[in-house]
Amino acid sequence: VLHPPTRRIFQQVREAEVILEDLKSLQTGRLYLGTVDVMSIYVLPSIFRVFHSRFPRVEISIEVDDTTNISRGVLERRYDLGFATLPLREQNLMSIPVYNDVMRAIAPAGHPLAGKKLVTLQELANTTMIVYKQGSVTRSIIEQIFRSQGIELEPDMEIDRPEAMKKLVEAGLGVSIMPEMSIEREVEEGSLVVLPTGDISFERQLGLIYRPWQVFSPSVGAFLSILREKLKPTVWISEFDTLNESR
C-alpha cells in the first residue's frame, strides 16, 4: 500500500512523462478541458481565440458537462483542467474562482410579473418556475436564497441545460433564474424580461479546478497564463507560480 506522499511522487512522475512529449516549444500538443456549458459559450471562447493565435498547432479538446461529471473527469485525469460551479462537493480537488456569475430572475414578455417594479421571492415561488436540476450546485445556491427568506422552493420543471431552460421560458412555460450573460440578447430583443428582485441578488462563482500536486504541461501552463491574463482572478495557483519561476 502506497502512502499519500509516495502516491504523489508516482503521480508527478507520470505527469512528467506527458510534459516530455510536450516540450517542443509548444509546436504540438493537446489540451483536454471539461467545462460547464455557460463557461464554454460565454467566457472561454475569447481565451481559446488568444491561445489558438499564439499556439495554433496545439489542439484543444473540450467536453461540456455538469459540475459533478467535470469534477470526476479531472480526478480521473481525463481532463487537464476543469471549469465548474463552486463550491465543489469533491474534497480531493483544488479550485479557484475565476468568474463571478450574476444571475437574474426572468420571465417571457407579457408575463403577469413582467411589468412589476418589484417582484418578491414569494411571487416567484407562486408562479410556474423552471429551475436547474435537483442536486446541482446552482440549484442548491438558489434554494438557499429562497430558504433564507423562509420559502421552500418547489419548482414545476427542472432541467440541467441552461440554454434549453431559456427556450422554455421564451416559449411562455414559466419563469426562471439564469446567468445574466446568457440572456442579454433575448432581453435586448424583447423576448425575455428581467424581473427586479430588489435587495435579493443571485450570484454564483465559476471556478477553475485541478488536481492537488498536479504538474502542468507546457500547453496547460500556457493556457493558464492566458486565462489569468484575460480573467484576472484575485487569487491564483501557488504551485503554478512556483513551477513558472523554476523554468
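Residues numbered from 1 in each chain as written. Predicted model: local features only at pLDDT ≥ 70, side-chain atom pairs only at ≥ 80, totals over all residues. Heavy atoms only, no water.

**Considering the overall build of the protein**
The secondary structure content of the protein amounts to 10 helices and nine strands. Evaluated residue by residue, the protein yields a buried proportion of 44% over its 247 residues. In the protein, the share of contacts with a sequence separation of at least 24, taken over all contacts with a separation of at least 6, comes to 78%. (Helix = DSSP H or I, 4+ residues; strand = E, 2+ residues; numbered from the N terminus. Buried < 20%, exposed > 50% of the residue type's maximum accessible area, 1.4 Å probe, protein only. Contact = heavy atoms within 4.5 Å.)

**Considering the pairing of strand S1 (residues 30–35)**
Across six bridges, the pairing between S1 and strand S2 (residues 59–64) is parallel. Of the residues in S2, the one forming a bridge with Tyr32 is Ser61. When S1 meets strand S3 (residues 81–86), the two strands line up parallel, connected through three bridges. For Thr35, the partnering residue across the bridge sits in S3 and is Phe83. (Pairing = 2+ DSSP bridges.)

**Focus on the confidence of the model for the protein**
When pLDDT is averaged along the protein, the result is 88; 85% of the residues meet or exceed 70. When pLDDT is averaged over each element of the protein, strand S8 (residues 192–195) comes out on top at 98 and helix H10 (residues 238–245) at the bottom at 53. (pLDDT = per-residue confidence, 0-100.)

**Notes on the pattern of salt bridges**
This model, assessed by the stated rule, comprises 13 salt bridges. The shortest N-O distance in the salt bridge between Asp101 and Arg204 comes to 2.7 Å. Remark: Arg204 occurs in strand S9 (residues 202–210) and Asp101 occurs in strand S4 (residues 94–108); sequence separation between them is 103 residues. The two residues Asp101 and Arg204 agree in class, both being buried. Note that Arg185 and Glu186 form a salt bridge whose closest N and O atoms lie 3.4 Å from each other. (Salt bridge = Lys/Arg side-chain N within 4 Å of Asp/Glu carboxyl O.)

**Structural notes on the packing of helix H3 (residues 45–54) against helix H9 (residues 218–231)**
Contact pair H3 / H9: the axes reach a minimum separation of 10 Å and the direction vectors enclose 130°. By the criterion of interaxial angle, the relationship of H3 to H9 is oblique. When you trace H3 past H9, the crossing you get is right-handed. Contacts from Ser46, Ile47, Phe48, Val50, Phe51 and Arg54 of H3 reach H9 at Ser219, Ala222, Phe223, Ile226, Leu227, Glu229, Lys230 and Leu231. (Axes fitted to C-alpha atoms, helices over the stretch in contact; angles between N-to-C directions. Parallel < 35°, antiparallel > 145°, perpendicular 65-115°, else oblique. Left-handed = near helix turned anticlockwise from the far one by under 90°.)

**Some remarks on the nonpolar core**
Ranked by internal contacts, the top residues of the largest apolar core, which has 31 residues, are Leu81, Leu208, Phe223, Leu224 and Leu227. Considering each element in turn, this core owes the most residues, seven residues, to H9. The residues touching Leu227, leaving out its near neighbours within four places in the chain, are Leu44, Ile47, Phe83, Val98, Leu208, Lys232 and Trp236. (Core = buried A, V, L, I, M, F, W, Y, C linked by side-chain atoms within 4.5 Å.)

**Points about the side chain of Ser217**
Among the secondary structure elements, Ser217 is positioned in the loop between S9 and H9. Side chain to side chain, Ser217 and Ser219 meet in a polar contact 3.2 Å long. (Polar contact = N/O pair within 3.5 Å; in protein donor to acceptor, adjacent residues only side chain to side chain.)

**As for the side chain of Glu143**
Position of Glu143 among the secondary structure elements: in helix H6 (residues 137–148). Contacts of Glu143, omitting those with residues within four sequence positions, involve Gln134 and Leu153.

**Quick notes on the packing of aromatic side chains**
For any pair of aromatic rings, the description consists of the separation of the ring centres together with the inter-plane angle of the planes. Going through the model one piece at a time under the given rule, you end up with six aromatic pairs. The interplanar angle of 50° and the centroid separation of 5.2 Å between the aromatic rings of Phe51 and Phe55 together place this pair among those described as tilted. Accessibility classification places Phe51 together with Phe55 in one group, the buried group. Through pairs of rings, three or more aromatic residues link up here, namely Phe48, Phe51, Phe55, Phe83 and Phe223. The ring centre of Tyr79 lies 5.3 Å from the NZ or CZ of Arg78, which sits over that ring. (Phe/Tyr/Trp six-rings, centres within 6.5 Å; stacked < 30°, edge-to-face > 60°. Lys NZ or Arg CZ within 6 Å of the ring centre and 35° of its normal.)

**Regarding the pairing of S9**
A large share of S9 lies buried, amounting to seven of its nine residues. Sheet topology places S3 next to S9; five bridges connect them, and they run antiparallel. Note on S9: the bridge partner recorded for Leu86 is Gln205.

**Side note on helix H4 (residues 67–75)**
Those residues of H4 lying buried are Thr67, Ile70, Ser71, Gly73 and Val74. The arc that holds every buried residue of H4, seen down its axis, measures 160°, which confines them to one face. Close packing links the buried residues of H4 with S1, S2, S3, H6 and S9. Positive phi shows up at Arg77, right after H4, with a value of about 65°. (Arc of directions from axis to C-beta.)

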